[in-house]
Structures are given as structure tokens and as C-alpha cells.
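# Chain and residue survey
Below are the chains, spelled out letter by letter.
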Amino acid sequence: MKRLLALILAAIMLLSMAACNVTVNPGQEAAPAEEGEKEAEPEAPADEGGEEEAPAAESAYETHLTISMDVLDAEKTNISAKDEFFRDKFNIDWELVPVTWGDWLEKIRAWVNADDMPDIVWWDMKASNTAEFKNWAAAGAFREITDEALATRPNLAALRESLSSDDALLSVDGKLYGWPASRKNPEFLENCYYPMFAYRRDWAKAVGMYNEGDVYTWDEVKAMIDAIKEQDPGGNGVGNTIGITMESWAWEQYQLVTTNSPNPNRLGYHQDEDGNWYLYEMTEEFGEAVAFATELYQDGYVWKDQINDSGNDGFQKFLAGQSVMFFGNNSPSWFNGDVLNKMVRGGIVPDEEAVAPMIVLSACGDHNFYLIQSEDYWTVASIAHNVDDEKYERILDMWDWLASEEGRIFLVAGVEGKDYEVNDDGTYKILWEVDDTGKYISAYQDCAFNIYTPATLTASPNETTVEYGYKLFEPIYDYMENSGNFVAQKMDLRAMAWDGPAYSEYGYFYNDISTEISKIMVSGGDAQAQWNEFVASMHDKVQSVLDELNENLK
């Protein structure tokens, strides 16, 4: 524990940034959301579940325990009949410690460094946080999740076997100190997320430019935008329809550039055929993609004010029917939520076929469709070092049950006899009411960021899922699985986890690169020449990181 004492001294300045722990128990009013914090919109008001009274849960545990854990949406968590069933089953109470998206990471750092952690330390850990996490684990901050503990918990053991991140990112000297909530992605997705386009399919059909399967080249995209602006199928006025809008983060992370790279290694540090490290953004290929994105912007295909959007104006313009295409994290669940609720049911579009995900092939090089691989988990949970054996075992028992089939249907639907029944063939009959579109009216507040997440995520679609977004993705998934032209950029975990001094100081140079791309796109001129000048100006800093990687990670 001497190393923990050293961490305490290093964290004194961080302590002022950590909010006081606030417990949230059933019936207790939670602390209000911070000013400016966006509240999650519920699918339906939180209530006591289905019409039937929930059967009482029988517990196999004699000792009543209180388990603390940090959570998002604390005021909406642990208040339903479903939560009561879970507490009774495991004979526990929760002490919930609120965090927000804005303060989550800093609170985790402060708690760990001050050795003042909740029992379950849950956070949105990315691969780039690996060095920090391993330093904490090596200093003794967390209890090891041992092979012996997993040997008697088959559901957790099966997840451990299927994951790759646990050994690479969450282990020190072969000992596991963090539990990753598996995304449970289909194999063909290669753990990619969805930075891609959504578009007005109905407008493409109206101007005679719809492609079966929603696959387009950039020449086809530009011709489509030109035709839609001229023919005005959306009724915005001739010439008033915007071509492309995007999330502000997509602009800041130069996604419009990276989607057009001819190389799957189109972001970050990679090794060449001789094993030498390079930063892809400093290559000639990347400069070509910058030039292409600049041309799109200068020629009016991208919303001119996108550079000034620090919120979600680009998103709102698409939802309002003012733009042809939208670039964001456009997953099936995004279509189920924003598109279905705000565009289809809101009357912005005529039917469920009007908006669709879209494959736009790279304009530079081989015209493949690229997505970026991410971690095979969403969020990581660790057990604090000072948790005693009984509580440690109870936590792992809870997670193992949540990872079971019984736990899965609990996460999806709720309590048997109240929210669902088991059919003779082993399938499930959901007892919730449905709305006039056939969508289940959930008996519970949709609160994914909570006490049930650490064990594992639940795969979709499932028994209660709105299938709308997943049906829209069927041609996209077919293309990804069968075309041979889908390429996932693989994560190089060694580079992401490296913590050398040069890398720690400069990282991936995202801010420098994003700022320069914005300057070039707005100024116009010879984009390739301007990019080459920028690359030359960055040479010494970039080379210091490359030298460090070449010396240590060959």
C-alpha cells in the first residue's frame, strides 16, 4: 500500500474537483442534475413495472450487504419494482454515487488517487486510458478478479474467454483487475462503431438517384445533392436544402477526412512493413483526403456553418428535414430513438423507409467502405482493494447471474410473472402493452447507464427491441459481411497503451491536426500544399514520439 500513499500525495489537487459522495436509496431524493447537463429522455415514465404485482425474490444469502457504486442518471436508478426484485434476490442495498458525463473521469481519478473509492469503480474507460489504469492496478487500487473466482461462475468465464481487451488492457502481470462490459457484437462487425452517414432515401428516390442497398460513390452523392437542391423534394425552397451536416465531434475529429482514406490504417500510429512506426495523418495519402474534404466544403456540399457548430445544430437540421445527409454515430439504436421518434412519428418524413443508413465509398484510392474499430466493451468495472471477501463474492455472483440467460431476460424485460412469461418452447411472451405502432411500452425507465451495466451489455435486437433500426441496417450488414469491400481499422493496443514521456505529452496530435484541417477547409486554396507545410512544421514533435515507439515497441 506504500504506492497508494504516493498516489494520494499526487492527487491532492484533484480532490477539490471531486463532488461529495451522494447516496441514492429507494425513496430518497437525488441531487439535481448540474446546470447545462442534458437529461436522458425516457421511453416511458418510470413506474412500478407491469400490472401484475412482482413475485417476491427468494435470496440464497443470509447476510444483508450495502454495496456502493458510481452511476450516471443516479436519480432515475434503483427506484422500480425490477430493482427491488434484484435487491431482494441478492439481499443488498445500493449506495449510489452520482457522476455525470462531464465529471466522470475526473471523479474516478480523484477517488482512486485518494484511496476513497466506492466498492465498484465503474467508468467509461477507453484504450487510451490503459497506462493510467495499469498504474492504479499495480499500485494496489483494485482487487484481482481471479481465475479461481471465475471457475465457479460459468457465465463470466465464458465472457472472459470471448473478450480480447481483458488480457491486453485490464491485466497486470497476468492478473485481471477490471471487468469489461462486453458489447456482444456480431463477428462481421469487427467491434466497429458507427461513424457513418444517414440520408434521405425518399429524396434520393424522388430525384431518381436511389441505389439499391444504399451504397454510393462520392460522384453519385454530389450529383444527388445537386439534384435535390434544384428539384426541392423536401419543400425547403429551391437551393435552400443543405447537403451534409454532422455532429460537432465528427467535424472536430475530422471524420469527413478519414472516411475517404484509401488505407484502413487511416488514423493514428501504425507500423510499416519493416516494423517502423509512423503517424498516418502525416502521410501523403492523408493529405489527399484532406484535399478532397476541402473541395466538398468549398463547393457547398457541406454546411458552411458546420465549423461554428459547438452543439448539435447540424443534428437538429437533419432531424428538421433541412439536410440531405447527416454524419454521426448513426447506429440502429440511433434510428430507433431519434429518427423513429422525431422524424417518423413527428411527421417530418412520410414513412419508415424515408431515412436510412448509407454506405459512401472512399473517394481516394480503392473505394472501400471503412469503419473504425473500438474496444470490445463499453465501460469497465473494478472492485476496490478494501472490499472484503463476502462482498467481493456477492458482486461477482450478481454479475454472473446478469450474464446468464435468466439475467439477460431480466435486463431486457424485467421480472417473470410480472413483465414476461416463459412459453412452452422456451421463448418469452412480453406482458407489456404496445402503442399504436406496435412498439412495446416499457414498464421501466430506460436507464442503461446504471447498476446492471458492469456484467455485460445486452445484445440487440431482442424480445423487446424496436426492430425498425435493425431492419434498416440489414443491407448495410449484408454488405459488411459479404461484399469483401468492408475494411475495419484495427486497434493497435500496444501503441494506445504506451505511456512514454513523448507520447504522454503529444499523444496523437488530434487538436493540432483538427485545427489545421479546419483552417485549410475554410481558407480554400491548394489544400495538399498547405497540408505538406503543416506536416513539415510538425516533424520534430512527431518524430520524438516515433523514436520513442521505435525504441520500445519494435
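Structure's up top.
Since this is a predicted model, take the numbers as computed values, not measurements. (Residues numbered from 1 in each chain as written. Predicted model: local features only at pLDDT ≥ 70, side-chain atom pairs only at ≥ 80, totals over all residues. Heavy atoms only, no water.)

### Side note on the overall build of the protein
How we decide: Only DSSP runs of H or I covering at least 4 residues are called helices, and only runs of E covering at least 2 are called strands; the numbering of each starts at the N terminus. Exposed residues in this analysis have more than 50% of their type's maximum accessible area, buried residues have under 20%, and partly exposed residues fall in between, with area computed by a 1.4 Å probe over protein chains only. Here, Shrake-Rupley sampling with a 1.4 Å probe gives the accessible areas, and only protein chains in the shown set may cover a residue.
Across its full length, the protein holds 24 helices and 18 strands. The 554 residues of the protein split such that 55% are buried. Carbon and sulfur atoms make up 46% of the accessible area of the protein, which totals about 24,200 Å².

### Some words on the nonpolar core
A general tendency of soluble globular proteins is for nonpolar side chains to be buried together. Defined as follows: The set of buried Ala, Val, Leu, Ile, Met, Phe, Trp, Tyr and Cys residues whose side-chain atoms join them within 4.5 Å is what this entry labels a nonpolar core. Domain segmentation is taken from an automatic or database assignment of domains.
Counting residues in each nonpolar core, the largest one holds 137 residues, and the members touching the most others are Phe86, Trp94, Phe142, Tyr269, Met325, Trp399 and Trp531. Residue assignment places this core across two domains, with domain 1 (46-186 + 376-452) and domain 2 (195-372 + 470-553) each supplying three or more.

### Here's the deal with the layout of surface pockets
This is how the line gets drawn: Both cavities and pockets are sets of points on a 1 Å grid over the protein atoms alone; in a cavity a 1.4 Å probe fits but cannot get out, in a pocket the set is open with protein on both sides within 12 Å along at least five of seven lines, and lining residues sit with an atom within 4 Å of a point. Grid points are joined across faces, edges and corners, and a volume is the space filled by probe spheres set on the points.
One number sums up the size of the second largest pocket: a volume of about 260 Å³. Contributing to the lining of the second largest pocket are Trp101, Gly102, Asp103, Trp104, Leu105, Glu106, Trp123, Asp124, Lys126, Ser128 and Asn129. The leading source of residues in the lining of the second largest pocket is helix 4 (residues 104-113), at three residues.

### Overview of the sheet that holds strand 12 (residues 323-329)
We apply this condition: Between any two strands, pairing holds if DSSP finds at least two bridges. The contact criterion used throughout is that any non-hydrogen atoms of two residues lie within 4.5 Å. Here an angle of 0 to 180 degrees is reported between the N-to-C directions of two axes, which are lines fitted to C-alpha atoms, with helices fitted over the stretch in contact.
Within the open sheet, the five strands sit side by side as 8-13-7-12-9. Their pairing is mixed. Of all the strands in the sheet, the pair left with one neighbour each is strand 8 (215-216) and strand 9 (242-246). Across the sheet, helix 15 (residues 332-344) is in contact with strand 7 (195-200), strand 12 and strand 13 (355-360); its angle to strand 13 comes to roughly 135 degrees.

### A short note on the packing of aromatic side chains
Just so we agree on the cut-off: In summary, the pairing rule links any two rings of Phe, Tyr or Trp, Trp by its six-membered ring, whose centres are within 6.5 Å, and it sorts them by plane angle into stacked for under 30 degrees, edge-to-face for over 60 and tilted for everything else. Charge-over-ring contacts are defined here by two conditions on Lys NZ or Arg CZ: a distance within 6 Å of the ring centre and an angle within 35 degrees of the ring normal.
Summed over the entire model, instances satisfying the criterion amount to 43 aromatic pairs. Taking the centre distance of 6.4 Å and the plane angle of 50 degrees together, the rings of Trp101 and Trp378 count as tilted. Note that Trp101 is positioned in the loop between strand 2 (92-98) and helix 4 and Trp378 in strand 15 (residues 377-383), a separation of 277 residues in sequence. When the centroid spacing of 5.8 Å and the interplanar angle of 25 degrees are considered together, the rings of Phe318 and Phe326 count as stacked. Residue Phe318 is classed as buried on the basis of its relative accessible area, which comes to 0%. A connected cluster of aromatic rings, assembled from ring pairs, spans Phe188, Tyr194, Phe315, Phe318, Phe326, Trp334, Phe335, Phe473 and Tyr477. Sitting over the face of the ring of Phe410, Lys82 holds its NZ or CZ atom 5.2 Å from the ring centroid.

### Focus: the pattern of salt bridges
Defined as follows: In the sections that follow, a salt bridge refers to a side-chain nitrogen of Lys or Arg positioned within 4 Å of a carboxyl oxygen of Asp or Glu.
What the rule picks out here adds up to 21 salt bridges. Ionic pairing is found between Arg153 and Asp397, a salt bridge with its closest N-O pair at 2.9 Å. One end of the pair, Arg153, is in the loop between helix 6 (147-151) and helix 7 (154-162); the other, Asp397, is in helix 16 (residues 389-402), and 244 residues separate them in sequence. Arg153 sits in the buried class, given a relative accessible area of 4%. Here Lys490 and Glu190 are joined by a salt bridge, their closest N and O atoms 2.9 Å apart.

### Remarks on helix 17 (residues 405-412)
Most of helix 17 is tucked away: six of the eight residues are buried. Downstream of helix 17 by a residue or two, Gly414 has a phi angle that is positive, lying close to 130 degrees.

### Quick word on the environment of Met538
Along the chain, the position of Met538 falls in the loop between helix 23 (527-537) and helix 24 (539-552). Note on Met538: relative accessible area 6%, which makes it buried. Considered as a pair, Met538 and Asp512 are 26 residues apart in the sequence and their alpha carbons are 9.1 Å apart. Met538 has contacts with Met282, Phe509 and Asp512, leaving out every residue within four places of it along the chain.

### Some thoughts on the side chain of Ser165
Rules: Distance and chemistry together define a polar contact, namely a pair of N or O atoms within 3.5 Å, with one atom able to donate a hydrogen and the other to accept it when in protein, and with adjacent residues in sequence counting only for side-chain atoms on both sides.
Structurally, Ser165 is set in helix 8 (residues 165-169). On the basis of relative accessibility, which here comes to 3%, the residue Ser165 falls in the buried class. At a separation of 2.5 Å, a polar atom in the side chain of Ser165 contacts the side chain of Asp376. With residues near it in sequence (within four places) discarded, Ser165 still touches Leu170, Pro180, Asp376 and Tyr377.

### A few points about the pairing of strand 13
Put simply, side chains in a regular strand alternate between the two faces of the sheet. Summarising burial for strand 13: six of the six residues are buried, a large majority. Strand direction decides the pairing type here: strand 7 and strand 13, joined by four bridges, are antiparallel. Bridge assignment links Arg200 to a residue of strand 13, and that residue is Val355. For strand 8 and strand 13, the ladder comprises two bridges, and the chain directions are parallel. Looking at the pairing, Tyr216 lines up with Val360 of strand 13.

### Quick notes on helix 10 (residues 218-231)
The following threshold applies: Here a helix's expected span is defined as the number of its residues, less one, multiplied by 1.5 Å.
Helix length check: helix 10 (14 residues) gives 20 Å between terminal C-alpha atoms against 20 Å at 1.5 Å per residue, within 8%. Of all the positions in helix 10, only Trp218, Val221, Lys222, Met224, Ile225, Ala227, Ile228 and Lys229 are classed as buried. Looking one or two places after helix 10, you find Asp232, whose phi comes out positive at around 55 degrees.

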